[in-house]
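Chain by chain, the residues run as shown.
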Amino acid sequence: MSEAIRLEGVRKSFDKLEVLRGIDLIVEEHEVICLIGASGSGKSTLLRCVNLLEPIDAGQIVVAGVDITAPGVDVNAIRTRIGIVFQSYNLFPHMTVMRNITLAPTKVLDLSIEDAKDRADQLLDRFGLVDKADEYPDRLSGGQQQRVAIVRALAMQPDIMLLDEVTSALDPELVAEVLDVIRELATGGMTMLIATHEMGFARDIASRVCFLDEGVILEQGAPLQMFSDPKEERTKRFLQRIIAAGRM
Amino acid sequence: MSVGGSPDDEVDRLLEEAGSRRSRILGGPGRGRPEGRRAVWIAVVSTVVFFTVLAVAIINAPGWLEVKEAFFNGEQFKESFPSIARAFLVNVKLFLIAEVFILVLAMFLAVMRSLPGPVFFPIRALAVGYIDLFRGIPTVLVIYTLGFGAPALGESVPKSPFFWAVVSLVLVYTAYVAEVYRAGIESVHESQSAAARSLGLSRWESLRFVILPQAIRRVIPPLLNDFIGLQKDTALVASIGVVEAFRQAQIESSATFNFTPFLATAMLFVLVTIPLARFTDWLIARDRRRRQAGSTR
């Protein structure tokens, strides 16, 4: 296995608030890393930094051997290799599902319309959305919208997927359909960095679980060990709160 | 276009205002149902009674005959109307030509003003300066200054008052319309551009394909509102000797000392603005229906 992402001493502040305070993390190819931690612990910011949606203040992010935080890198080219899916779907409301998916492949990868549509059709078929191709996002359920958002990211054929609490905005009965999609991606060997509150899901799918606390990775390990025998006091307390809230 | 409040609020407020105007006029929902039909009858009877009383009161008022003679003279109307209607075509030409330039230039200006980052500060400053300047100066002053001043600059400068009338209207209305566009651009949530950029689209591509199409859709009603304003302001170019409807009415009126030609002119302006105003209302209502349909999934 080779290294997909390496983060070294990544720091990020918003004004006076220091959100990331020195993150070190290595993600191997085909690994699925779940980031857990309380709201505000820096999970989302970390993902946005890896996608270069937020510039970092200090440290280094290396993707497939290339320092993507070095000055003068082609930001757009890097982003085509790293897909990100957001909590609030962020589909383009003025475009059909098909156009949402084919926009970037045609404009960024210079695919022909036909090729982009073929690619989109295959993905929609794989995730049971073929009949939604001509719908507008507003006409879809939250779960369907989020699956389309995942397909939209996959259509760029990225090496890495970043998932930012993709089920947090969904009604409980719609969570499963989205998690199934992610599970399938994991089975297919996709390298993924997943911020999530779904502990049961993290336990099932993760090759490694990282507990973020106040801007640092306080503890990491195999899911079984992390959930049944955490070393750090703060990890224990966080997991107890989750169990008390009935989320695990 | 006020200074206070976020642009988002501003757009919503404009939409709201225009929407409620419509429902006030039509008396709100309820037409068609049995109690609605009764409401229609009450409205009809009350309207007929009200306007009959009003008409009787006006006609019997002292001085009505003098007013009628000066403003509602049928003979004068018939005589002046054809020439005024012909001159009104100049107004139509003015606002149609000006509107095309306004829509394009204002978009350009709004995008300039929305450029992020410290590098683009001078561009932003230029755009803000332009908008502040031309929103502040009375339109008639711009028309007068350019219409009489610019042709005196030299041989190579166009002399046509019509040309300078178009230039003046474009300069002033571009400033207004740029602010409408900007409100639209800023009303599109930041997450849309994050999603576009995360797919590898450049800043320009995400503006072009994702942000602007949504922004323009939202500001169509306020844009049409400004278009109505532009139509009316074409009468201001009479001040530099362009013979349009208002100027023609002045000519007709000064020959006979009768004011009926002005009434004819007013009628023409109203005739073109009313369909546009109703069209704007219809767009707002349709937009609201769509948004509501979207939220009840």
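Note that the structure is a prediction, hence the values are computed from the model and not measured.

*Asks:* How should the nonpolar core be read in this particular structure?
*Replies:* One recurring pattern in soluble globular proteins: nonpolar side chains tend to sit buried together. Within the largest apolar cluster, 128 residues are counted, with the highest numbers of intra-cluster contacts made by Leu-35 and Val-151 of chain A. If you tally residues by element for this core, the top one is helix 7 (residues 161-187) of chain B, at 16 residues. In this structure Leu-35 of chain A touches Lys-43, Leu-46, Leu-193, Ile-194, Ala-195, Cys-210 and Leu-212 of chain A, once residues within four positions along its chain are discounted.

*Asks:* Any chance you could explain helix 4 (residues 113-126) of chain A here in plain terms?
*Replies:* Along an α-helix, a turn takes 3.6 residues, which lines up residues three or four apart on a common side. Residues and elements named next belong to chain A. Between its terminal C-alpha atoms helix 4 stretches 20 Å, which fits the 20 Å expected from 14 residues at 1.5 Å a residue. Within the sequence span of helix 4, burial applies to Ala-116, Arg-119, Ala-120, Leu-123 and Leu-124. Buried residues in helix 4, looked at end-on, bunch into an arc of 130°, giving them a common side. Those residues of helix 4 that are exposed and angled more than 90 degrees off the buried face are Glu-114 and Asp-125. The inward-facing, buried residues of helix 4 contact helix 3 (97-107) and helix 5 (142-154). Phi turns positive, to about 65°, at Gly-128, one or two residues after helix 4.

*Asks:* So what exactly am I meant to see when it comes to the pairing of strand 6 (residues 82-85) of chain A here?
*Replies:* It is a general feature of regular strands that their side chains alternate between the two faces of the sheet. Residue and element names in this part refer to chain A. Side chains Ile-82 and Ile-84 project from strand 6 onto one buried face, and the interleaved Gly-83 and Val-85 project onto a second face that is buried too. In terms of strand pairing, strand 6 meets strand 7 (residues 160-164) through four bridges, oriented parallel. Paired with Ile-82 across the strands is Ile-160, a residue of strand 7.

*Asks:* Teacher, can you tell me more about the sheet that holds strand 6 of chain A here?
*Replies:* Paired through their backbone hydrogen bonds, the strands of a sheet run either parallel or antiparallel. All names here are of chain A. The strand order across the open sheet built from six strands is 6-7-8-3-9-10, with neighbouring strands paired in mixed fashion. One side of each edge strand has no neighbouring strand; the edge strands of this open sheet are strand 6 and strand 10 (216-221). Across the sheet, the mean angle separating the axes of adjacent strands is 20° when strand polarity is ignored. Docked against the sheet, helix 5 engages strand 6 and strand 7, running at close to 170° with respect to strand 6.

*Asks:* Is there a simple way to think about the pairing of strand 9 (residues 208-213) of chain A in this case?
*Replies:* Residues and elements named next belong to chain A. The buried count for strand 9 comes to five of six residues, which makes it a mostly enclosed element. One ladder, built from four bridges, connects strand 3 (residues 32-36) with strand 9; its direction is parallel. Across the sheet, the residue bridging to Cys-34 is Val-209, located in strand 9. As judged from the five bridges shared by strand 9 and strand 10, these two strands associate in the antiparallel manner. Looking across to strand 10, one finds that Val-209 is bridged to Gly-221.

*Asks:* When you look at the packing of helix 5 of chain A against helix 6 (residues 172-187) of chain A in this model, what are you seeing that I'm missing?
*Replies:* Working note: a packed helix pair is described by the angle between its axes plus the distance between those axes. All names here are of chain A. Following both chains from N to C, one finds helix 5 and helix 6 inclined at 15°, their axes separated by 8 Å at the closest point. As the angle between them shows, helix 5 and helix 6 are arranged roughly parallel. For the pair helix 5 and helix 6, the sense of crossing is right-handed. In contact with Gly-142, Gly-143, Gln-146, Arg-147 and Ile-150 of helix 5, helix 6 contributes Leu-174, Glu-177, Val-178 and Val-181. When the residues that make up the contact of helix 5 with helix 6 are grouped by side-chain class, the tally is four nonpolar, three polar and two charged.

Scoring rules and cut-offs
Residues numbered from 1 in each chain as written. Chains lettered and ligands numbered in written order. Predicted model: local features only at pLDDT ≥ 70, side-chain atom pairs only at ≥ 80, totals over all residues. Core = buried A, V, L, I, M, F, W, Y, C linked by C-beta atoms within 7 Å. Buried ≥ 20, exposed ≤ 12 C-beta atoms within 10 Å, placed from the backbone. Helix = DSSP H or I, 4+ residues; strand = E, 2+ residues; numbered from the N terminus. Contact = placed C-beta atoms within 7 Å. Expected span 1.5 Å × (residues − 1). Arc of directions from axis to C-beta. Pairing = 2+ DSSP bridges. Axes fitted to C-alpha atoms, helices over the stretch in contact; angles between N-to-C directions. Parallel < 35°, antiparallel > 145°, perpendicular 65-115°, else oblique. Left-handed = near helix turned anticlockwise from the far one by under 90°. Nonpolar A, V, L, I, M, F, W, Y, C, P; charged D, E, K, R; others polar.

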